[in-house]
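Structure assessment
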Amino acid sequence: SWLVLEHVGEVDLDAYCPASAREALALARFVGEWLGDLHALGLHHADLKGSNLRLRPAPQAERPLRLWLVDLEDLAGPGPLDDEARLAALAQLNASIPDAQ
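The following refers to the structure shown. Here the structure is a predicted model, which means the values were calculated and not measured.

Description of helix α1 (residues 21-40)
Over its 20 residues, α1 extends 28 Å from the first C-alpha to the last, a length consistent with the 28 Å expected when each residue adds 1.5 Å. By the burial criterion, the buried members of α1 are Leu 27, Val 31, Trp 34, Leu 35, Leu 38 and His 39. Looking down the long axis of α1, one finds its buried residues gathered within 135 degrees of arc, a one-sided arrangement. Residues of α1 that are exposed and point over 90 degrees away from its buried face: Ala 21, Arg 22, Arg 29, Glu 33 and Ala 40. Contact partners of the buried residues in α1: β3 (53-56), β4 (66-69) and α2 (83-96). Two residues or fewer past α1, Gly 42 is found with a positive phi of approximately 85 degrees.

Considering the sheet that holds β3
One open sheet accounts for three strands, arranged β1-β3-β4; its pairing is antiparallel. Of all the strands in the sheet, just β1 (11-12) and β4 have a single pairing partner and so form its edges. In terms of strand pairing, β3 meets β4 through four bridges, oriented antiparallel. Paired with Leu 53 across the two strands is Leu 69, which belongs to β4.

About the criteria used
- Residues numbered from 1 in each chain as written.
- Predicted model: local features only at pLDDT ≥ 70, side-chain atom pairs only at ≥ 80, totals over all residues.
- Heavy atoms only, no water.
- Helix = DSSP H or I, 4+ residues; strand = E, 2+ residues; numbered from the N terminus.
- Expected span 1.5 Å × (residues − 1).
- Buried < 20%, exposed > 50% of the residue type's maximum accessible area, 1.4 Å probe, protein only.
- Arc of directions from axis to C-beta.
- Contact = heavy atoms within 4.5 Å.
- Pairing = 2+ DSSP bridges.

Function cannot be read off these values alone, since they describe shape.
Here you go:
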């Protein structure tokens with residue numbers, strides 16, 4: 001068996017505090033689009049929360065924002081996902097992020 005550890009993002013999503021409302025909106029849109037892409041592939045995380053996502057903040061034009069899933073134990077798929085499963089994942093993620101963020 002091999003265990004490979006690599007650096008994936010600088011911060012957990014639930015610990016990240018955007019510097020401005022504009023940055024927060026851009027991050028929210030990016031996360032939503034990224035989750036939409038995962039769901040389109042039929043991937044579903046049964047315990048999705050901010051601490052399961054790592055990100056590289058302060059995106060620049062030549063270095064776009066990146067997200068990583070770090071808890072793959074509850075990742076399932078590919079398989080069909082209905083709207084209820086998608087909404088449940090978004091609600092769970094939203095509930096995990098502190099209101100101050």
